[in-house]
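Close look at the chain arrangement
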Amino acid sequence: MTAKEKLKDRLELSLSGDTFVRLTLSKPRDASSDLKKLIVKYVFIKEKPHLSFTLRYTRKDITKNYTLNDGLEQVDDLLGETFFNGNLMTTDADWALETNTGGKSKFIEKKASISAVPNRSHDKAKPVHFTSEQFLVELGVLDNKGRVLKDKGDKFKQINKFVEIVGAHIAKTDLKSKDKIRIHDMGAGKGYLTFALYDHLANKSGLPVETTGVELRPELVTLCNDIAKKLDFDGLQFGEGFISNYELVETDVLIALHACDTATDDAIFKGIKSRAELIICSPCCHKQVRKSMKVQDRHADILGHGILLERQAEIITDTLRALLMEAHGYKTKIFEFVSTEHSGKNLMIVGQRRKDFVRTDGHMNAYQKLKEEFGVEQHYLEGLLQDI
Ligand SMILES: C[S@@+](CC[C@H](N)C(=O)[O-])C[C@H]1O[C@@H](n2cnc3c(N)ncnc32)[C@H](O)[C@@H]1O
């Protein structure tokens, strides 16, 4: 048997035995071809088995569904003719057909990298924003049957809402017509939102998105990069480091969700400095401004209470952030993006860069007035922005 025959044999066995996870054909024979990859999934459409093909081009994805026989014929035609390599994932093992530059192919068996078959139902409405539930399974939000895990309900809501909001904001800009939309997620953590946004924009909406998550914890960076690779999320990567040290030359959309305290300011600063079209952040804890506030006598009745001072400091911190963004050419709005029932940290600041903005001295007036009113001696973001 040739390597190709072996792979086809395993493919047919995995479909009949329901152990099939995914087939990927890659390494186009014509290196200059716009078609880069084919990802095949096994799905049921109107209760009939089909192979769903995602043809990944440089700038878009095209999906086609075939009956099993037609789909297998297509794979037979494409493997060797159009693509040199094939990678079959099943719950028993992974098999790869690799062809070297001399045209010699080998067939390799590896340990299964995914232990459960994905949801086969193509007709199911959920999840609306994503092409696959697999990243949510890998990240521990859904179980293998696609059910939300017990303690992940709030996270699941937050992910969906976040993707909806960012998607809608991007849709209102000119970014859709760009050749590449660069997104940076600062303080990406376990990457829930980074993966979700990437899948929604690149896979579901077919936008030419390149996304980078920046995170200081190396173990999370490794985990996220491994999952992105496993799922063929080609335009998604994670880098290790502090936001403040991250060399961000250019970006179109900068997001930061619950980056701790002044890490949110570091992120906003990076966004302003790189002239991001959109800056979207949901602040986390607010310590810096509270520590630098001198409570004025006229506010003593209110701010003499620790909890009220804390809440007021949060409001002032975020208002000052928005005013600084305004002073640097961003039209801002602040709103609750999920209900407080799902997260206390539910404020979102969105800034969209104004076209033809010319800065004047007057732009800092509102900011200075508010600082004086509440005796704020220093705002970390203001310090960062001093030289811009
Ligand atoms: C509360 S988590 C939020 C994670 C993610 N954005 C989300 O909403 O699911 C904050 C993450 O930011 C990271 N972080 C905090 N300060 C950072 C900094 N200065 N630079 C890079 N990452 C930072 C933390 O390690 C943590 O993983």
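Everything quoted here is computed from the prediction, not taken from an experiment.

**Some thoughts on the packing of aromatic side chains**
For any pair of aromatic rings, the description consists of the separation of the ring centres together with the inter-plane angle of the planes. The full count for this structure, using the stated rule, is 9 aromatic pairs. Taking 6.0 Å as the distance between ring centres and 45° as the angle between the ring planes, the aromatic pair formed by phenylalanine 195 and phenylalanine 233 counts as tilted. Highlighted residues: phenylalanine 195 in helix α5 (residues 192–204) and phenylalanine 233 in the loop between α6 (218–230) and β10 (236–240), separated in sequence by 38 residues. Aromatic pair phenylalanine 195 and phenylalanine 238: ring centres 5.5 Å apart, planes at 25°, arrangement stacked.

**Observations concerning the sheet that holds strand β6 (residues 93–99)**
Strand order in this open sheet of 7 strands is β4-β3-β2-β1-β5-β6-β7, and the pairing throughout is antiparallel. Two strands bound the open sheet, and with one partner strand each, they are β4 (61–67) and β7 (105–111). Geometrically, the sheet is characterised by an average inter-axis angle of 20° between neighbouring strands, direction not taken into account. Here strand β2 (residues 35–45) runs beside strand β3 (residues 48–57); their pairing, made up of 10 bridges, is antiparallel. Counterpart to isoleucine 45 in the pairing with β3 is lysine 48. Contacts between helix α2 (residues 68–81) and the sheet are confined to β1 (20–28), β2, β3, β4, β5 (83–90) and β6, with β3 contributing the most and set at about 30° to the helix.

**Focus: the state of the cysteines**
Tallying each qualifying case throughout the model produces 0 disulfides. Unpaired in terms of disulfides, cysteine 224 finds its nearest cysteine sulfur in cysteine 260, a separation of 16 Å. Cysteine 281 forms no disulfide, and the closest cysteine sulfur to it belongs to cysteine 284, at a distance of 12 Å.

**Observations regarding the domain arrangement of the protein chain**
For the protein chain, the assigned domains read domain 1 (3–122), domain 2 (125–241) and domain 3 (283–388). The C-alpha-based centres of domain 1 and domain 3 are spaced at 51 Å.

**Details of the side chain of aspartate 199**
Considering the arrangement of structural elements, one finds aspartate 199 in helix α5. As a buried residue without a salt bridge, aspartate 199 has its nearest oppositely charged side chain in arginine 56, at a separation of 6.7 Å. The contacts of aspartate 199, once residues within four sequence positions are left out, are Phe130, Thr131, Ser132, Phe135, Lys204 and Phe233.

Reading guide: rules and limits
Residues numbered from 1 in each chain as written. Predicted model: local features only at pLDDT ≥ 70, side-chain atom pairs only at ≥ 80, totals over all residues. Heavy atoms only, no water. Phe/Tyr/Trp six-rings, centres within 6.5 Å; stacked < 30°, edge-to-face > 60°. Helix = DSSP H or I, 4+ residues; strand = E, 2+ residues; numbered from the N terminus. Pairing = 2+ DSSP bridges. Axes fitted to C-alpha atoms, helices over the stretch in contact; angles between N-to-C directions. Contact = heavy atoms within 4.5 Å. Disulfide = S-S within 2.5 Å. Domains from an automatic or database assignment. Buried < 20%, exposed > 50% of the residue type's maximum accessible area, 1.4 Å probe, protein only. Lys, Arg positive; Asp, Glu negative; His and termini not counted. Salt bridge = Lys/Arg side-chain N within 4 Å of Asp/Glu carboxyl O.

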